[in-house]
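# A structural walkthrough
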Amino acid sequence: MISEVIPALLHSVPMDDTWITFDVNSFAQNFWSSTFDGLTFGAIYALVALGYTLVYGVLNLINFAHSEVFIVGCYGVFFTLSALNFGPSAPRLAFWAIVGNLVLALVVAIIASALMAVIVERVAYKPLRQRKAPRLAFLITAIGVSFAIQYTIYWWRGPSPEAALTMFRPLPIFDVFGTIVDSQQVVIVIAAIILMIATDQFIRRSRTGRGIRAVAQDPDTATLMGVNKEKIIVTTFIIGGILAGAAALFYVMKIPSGVQYNGGFILGVKAFAAAVLGGIGNVRGALLGGLLIGLIGNYGQVLLGSSQWTDVVAFVVLVLVLIVRPEGILGSSLGKSKA
Amino acid sequence: MSTTDGPTLIPDDAAAQAIADREARMRPRRGWFPGLGDRWNALPRQTQWLILIVVVVIAYLLPILNPPLITTEPGNNWQIALAQMSVYALVAVGLNVVVGYAGLLDLGYVAFFALGSYTAAMLTSPDSPYVHIPYLWTLPLAMAVAMFFGVVLGVPTLRLRGDYLAIVTLGFGEIVRILATIIPAMKGQVGFQNVGHPPGTDSSGQTIFQNSNGTPWYWLTLTIIIVVLLAAGNLERSRVGRAWIAIREDEDAAEIMGVPTFKYKVWAFAIGASVGGLSGALFAGQVGFVNNQKFDIATSILFVAAVVMGGTGNKVGALLGGSLVAYIPLRFTAIAEFKYLIFGAALVIIMIFRPGGLLPARQSLLAYGRLAYNKLKGFAVGGSPASGKLVTQPGKEAGNE
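Residues numbered from 1 in each chain as written. Chains lettered and ligands numbered in written order. Predicted model: local features only at pLDDT ≥ 70, side-chain atom pairs only at ≥ 80, totals over all residues. Heavy atoms only, no water.

In the nomenclature of an unreviewed UniProt entry, chain B is known as Branched-chain amino acid ABC transporter permease of Arthrobacter methylotrophus.

How we decide: UniProt positions are given in the numbering used here, feature names are shortened, and annotations may be inferred rather than shown by experiment.
An unreviewed UniProt entry annotates chain A as Branched-chain amino acid ABC transporter permease originating from Arthrobacter methylotrophus. Database annotation for chain A, UniProt heading Subcellular location (unreviewed entry): "Cell membrane". What UniProt records for chain A under Sequence similarities (unreviewed entry) is the sentence "Belongs to the binding-protein-dependent transport system permease family. LivHM subfamily."

What follows is the structure in structure tokens.
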């Protein structure tokens, strides 16, 4: 029996090469456009990844509910825009009107996300910290909170994505090697980088930032030195929430139809992968990892010919990098980074 | 102890009693079964076996008894509900080996479940162009395939720890699901229908294992669960099991004490994966239809939730958690739509109030340690506590008593 089965099995391995193709021509043609798109997505991943990295640095745990913090921000953007009567096609507005709407949506998203982040911390982590629960328990409550938020949204808004609302018409700005870079990509990348530099500087220079680094390095000693650990932890969650809210605005800008109850989950996983890739606990690593995951995913998609490949390629690269450098590319922690 | 430590409570019998009390408080004393674990352990082995046989017989009779309050009818067929509960229980038992014993956080366990399902489906379904073999042959084959991929995933990634491992396994689960969508041979959302079933017909010529009749599937899965439980119990008590516990408690210490941690972690991964593949194949046979929709990350996390909710590292807990996760939405069909919402909230509440799960793992290893300690100190086991002594003189070692 077995001696018949094994050769037959070997014969029946799917050898038709239709499902995986290396389309080098398409890759060469679309190289620059996929680079710019990849950088845009990468900037969004990086902003979300910062939330993971900061919480990991301070509490040493994956905040699995961070993707829900992000999606709540997306809903903030969505409700602001629908209150402002935006539709699927962008209205022709004056420049300052666009900026005004964007800032309004940004503020709402940031408030929603930061609030959600604080609620997550209060409900899922603080009671466990007080009880000195084992680490696995933190992870499970994070997953529990994540499920609860997702399915509360599901209950409220249903399974289908929200109607697409477009904020503004992307205007062509540059022409790089025959590929047009539009205003949307420029706005997202520049705004994300400014936010990340601001976060980096805040953590490096401000008094609160010093507190965050102290708690990341050694919570007990930091407490002895007069750092209010609880306050620092809440602050960290708020910063993560603010960045997730900003990322939510950019995400809705880029993919208007992406607001869905579970829309944040895969993005969250990829953002966490970005944080790990760059070296978790490292603020600059999150930027690098985010951009890399964005670029690699987009290249993989063009090279292998299906948008589904984005995630597969991103994860495979993550595994490969971790095998070579288990601590990530810039693997020093938040606490050990220089003052 | 260094001279700068100051006053210290030396670990005398009072301290030992305090530890025992604290652990007693952690056990489910206030729960639904107060002190059951202690009473169970106090029973002689033969009595335990007798009770177990009665429990097993009742378990086998469940589909026929159809007990009133517990049944899922009307609404859901009780026999099919039992078959699904048994598959989930088997999944939880398999995942318990990885998460509970070895302490490896595997968030992509659904990948092995999917591999088992697809192995069974692609080798038995008429929809698949590949060679067809009898269904029962796919069970060991599904185990082998899943185990192979467990090793393939484990060897490069098990050098990672904790959260890194969690994210990598999560990615692996997602990769398997996406590949099932992309690869034409796996038929994406169309899937495979009429997955095979074990042979056999009853007196009227009807096949015994029908998709609409859960009873034979339940009995088959229950038998497999009992075999797996016996095997897992033996593993747990063996050198391998002790190595797993050591790795779970402190990997570095285990490594230093000469436990080849990497080897045993791969073992745990492979064994857990093979049980996952087995349950996947059973699931595919019972449901009779396999497509890519059933193997998403939410399901994977539900599996982990089942193990942790039941009690990590406890076989009975895993069984309970696995069956509950399948049972609750079937029993309360009205709330089935909110099952993830309820599980989410339940997970948070259980973790806050019972961080060890519903049935926490027995700490028999630690208990033996305490017995030995009490013997050494010359106290009667469980003797009355004396007052703790405070060592106030700096430099006095606690061990010099």
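## Description of the overall build of chain A
For the record, the criterion: In DSSP terms, a helix is any run of H or I states spanning at least four residues, a strand is any run of E spanning at least two, and both are numbered starting from the N terminus. With C-alpha atoms as the basis for the radius of gyration, the globule rule is written as 2.2 Å multiplied by the number of residues raised to the power 0.38. Buried residues are those whose accessible area, probed at 1.4 Å on protein chains only, stays under 20% of the maximum for their type, while exposed residues exceed 50% and partly exposed ones sit between those limits. For this analysis, residues touch if any pair of their heavy atoms sits within 4.5 Å.
If you tally the helices and strands in chain A, you get 13 helices and two strands. Taken against the 2.2 N^0.38 rule, which gives 20 Å for 339 residues, the C-alpha radius of gyration of chain A at 22 Å falls within 12% of a compact globule. Taking the principal axes of the C-alpha coordinates as reference, chain A spans close to 65 × 65 × 45 Å. Taken across its 339 residues, chain A has 53% of its residues classed as buried. Taking all contacts inside chain A whose residues are at least 6 apart in sequence as the whole, residues at least 24 apart take part in 80%.

## Quick word on the interface of chain B and chain A
Note the threshold: Buried area adds together the accessible area that both of two parts lose upon being put together, with accessible area traced by a 1.4 Å probe. The salt bridge criterion pairs a side-chain nitrogen of Lys or Arg with a carboxyl oxygen of Asp or Glu, the two atoms within 4 Å. In the analysis that follows, any N or O atom pair within 3.5 Å is treated as a polar contact, provided that within protein one partner can donate a hydrogen and the other can accept it, and provided that, for residues neighboring in sequence, both atoms belong to side chains. In this classification, the charged set is Asp, Glu, Lys and Arg, the nonpolar set is Ala, Val, Leu, Ile, Met, Phe, Trp, Tyr, Cys and Pro, and all remaining amino acids, among them Gly, are polar.
Listed by partner, the interface residues are 47 residues for chain B and 54 residues for chain A. Roughly 4,300 Å² is buried in total at the junction of chain B and chain A, and carbon and sulfur atoms are behind 85% of that figure. When the buried surface of chain B facing chain A is broken down by residue, B:Asp163, B:Tyr164 and B:Ile167 rank first, second and third, together holding 15% of it. Linking chain B to chain A there are zero salt bridges. At the surface where chain B touches chain A, the tally comes to zero residue pairs in polar contact (both at pLDDT 80 or more). For the side of chain B that touches chain A, the secondary-structure elements that each account for two or more residues are α6 (135-157), α7 (162-182), α12 (297-310) and α14 (339-353) of chain B. For the side of chain B that touches chain A, the leading source of residues is α7(B), giving twelve residues. For the side of chain B that touches chain A, the per-class residue count stands at 39 nonpolar, five polar and three charged.

## Some remarks on the side chain of B:Asn291
All names here are of chain B. Tracing the chain through its elements places Asn 291 in the loop between β3 (289-290) and α12. Here Asn 291 falls in the buried class, since its relative accessible area comes to 7%. Within the structure, Asn 291 has its side chain in polar contact with the backbone nitrogen of Gln 293 (distance 3.1 Å).

## Points about the confidence of the model for chain A
All names here are of chain A. Filter applied, for reference: Residue-level confidence of the predictor, termed pLDDT, takes values from 0 up to 100.
Scored by pLDDT, chain A has a mean of 82; 91% of the residues are at 70 or more. Confidence, read as mean pLDDT per element, is least for helix α1 (residues 2-11) in chain A (58) and greatest for helix α10 (residues 229-254) (92). The model gives residues 333-339 a pLDDT under 50, and that stretch makes 21 contacts with residues more than four places away or in other chains.

## Regarding unusual backbone geometry
The backbone phi angle of A:Asn60 is positive, close to 60°, even though this residue is not glycine. Of note, A:Asn60 is situated in the loop between α3 (31-59) and α4 (66-83). For B:Asn194, which is not glycine, the phi torsion reads 50° and is therefore positive. Structurally, B:Asn194 is set in the loop between β2 (192-193) and α8 (214-237). Given the relative accessible area of 52%, B:Asn194 is considered exposed.

## Quick word on the packing of aromatic side chains
Going by this rule: Here is the rule: rings of Phe, Tyr and Trp (six-membered ring for Trp) pair when centre to centre is within 6.5 Å. Planes less than 30 degrees apart are stacked, more than 60 are edge-to-face, and the remainder are tilted. Each ring is checked for a lysine NZ or an arginine CZ that lies within 6 Å of its centre and within 35 degrees of its normal; such an atom marks a charge sitting over the ring.
Inspection of the entire model under this criterion finds 28 aromatic pairs over all chains. Where B:Tyr135 meets B:Trp217, the ring centres are 5.8 Å apart and the plane angle is 90°; that geometry is what we call edge-to-face. Taken together, the positions of B:Tyr135 in helix α6 and B:Trp217 in helix α8 put the pair 82 residues apart, joining distant regions of the chain. For the residue pair B:Tyr135 and B:Trp217, the accessibility class agrees, reading buried in each case. Relative to B:Phe149, the ring of B:Phe148 has its centre 5.4 Å away and its plane inclined at 80°; by these criteria the two rings are edge-to-face. Of the residues examined, B:Phe148 reaches a relative accessible area of 52% and is grouped as exposed. Classification of B:Phe149 as partly exposed rests on a relative accessible area of 31%. The ring centre of A:Phe41 lies 5.8 Å from the NZ or CZ of A:Lys254, which sits over that ring.

## Some details on the UniProt feature "transmembrane region" (unreviewed entry) in chain A
Residue and element names in this part refer to chain A. Here the UniProt feature "transmembrane region" (unreviewed entry) sits at residues 39-62, 69-87, 93-124, 136-156, 176-198, 232-253 and 312-330. The straight-line gap between the two end C-alpha atoms of residues 176-198 is 28 Å; of that span, 70% is helix and 22% is strand. Helix makes up 68% of residues 312-330 and strand makes up 0%, while its end C-alpha atoms are separated by 23 Å.

## What to know about the pairing of strand β2 (residues 179-182) of chain A
Residues and elements named next belong to chain A. To keep it simple, the criterion reads: In this scheme, strands are said to pair when DSSP sees at least two bridges between them.
Pairing geometry for strand β1 (residues 172-176) and β2, over four bridges, is antiparallel. Looking at β2, one finds that Phe 174 is bridged to Val 181. The antiparallel pairing of β1 with β2 creates a hairpin that spans two residues between the two strands, and Phe 177 there sits at a positive phi of about 50°.

## Brief notes about the environment of A:Val145
Mapped onto the elements of the fold, A:Val145 is located in helix α6 (residues 135-157). Sequence separation of A:Val145 and A:Val324 is 179 residues, and the distance between their C-alpha atoms is 33 Å. The residues touching A:Val145, leaving out its near neighbours within four places in the chain, are A:Ala65, A:Val120, A:Ala124, B:Gly344 and B:Val348.

## Examining the nonpolar core
As a reminder of what qualifies: In this description, a nonpolar core means a group of buried Ala, Val, Leu, Ile, Met, Phe, Trp, Tyr and Cys residues linked to one another through side-chain atoms lying within 4.5 Å.
In terms of nonpolar packing, the biggest core is built from 212 residues, with A:Phe70, A:Met167, B:Phe112 and B:Trp244 touching the most fellow members. Among all residues touching A:Phe70, those that are not within four sequence positions of it are A:Val48, A:Ser113, A:Ala244, A:Ala247, A:Ala248, A:Tyr251, A:Gly264 and A:Leu267.

## Quick word on the pattern of salt bridges
Residues and elements named next belong to chain A. All told, the structure shown has eleven salt bridges over all chains when counted by the stated rule. Lys 254 is paired through a salt bridge with Asp 37; the nearest N and O atoms lie 2.9 Å apart. One end of the pair, Lys 254, is in helix α10; the other, Asp 37, is in helix α3, and 217 residues separate them in sequence. The partly exposed category is assigned to Asp 37, whose relative accessible area is 24%. The partner of Arg 122 in a salt bridge is Glu 121, with the nearest N and O atoms 3.7 Å apart. Looking at Arg 122, the relative accessible area reads 40%, which means it is partly exposed. Each of Glu 121, Arg 122, Arg 129 and Glu 230 takes part in one network of salt bridges that share partners.

## Quick word on the environment of A:Ser67
Residue and element names in this part refer to chain A. Residue position: Ser 67 is located in helix α4. By relative accessible area, Ser 67 is classed as buried at 2%. Put simply, Ser 67 and Ala 97 are 30 residues apart on the chain and 30 Å apart in space, counted from C-alpha to C-alpha. Those residues in contact with Ser 67 that lie beyond four places of it in its chain are Tyr 52, Gly 264, Phe 265 and Gly 268.

## Comments concerning the side chain of B:Glu251
Residues and elements named next belong to chain B. Assignment of secondary structure puts Glu 251 in helix α10 (residues 251-256). We classify Glu 251 as buried; its relative accessible area is 16%. Excluding its chain neighbours within four sequence positions, the residues that come into contact with Glu 251 are Arg 161, Ala 246, Thr 261 and Lys 265.

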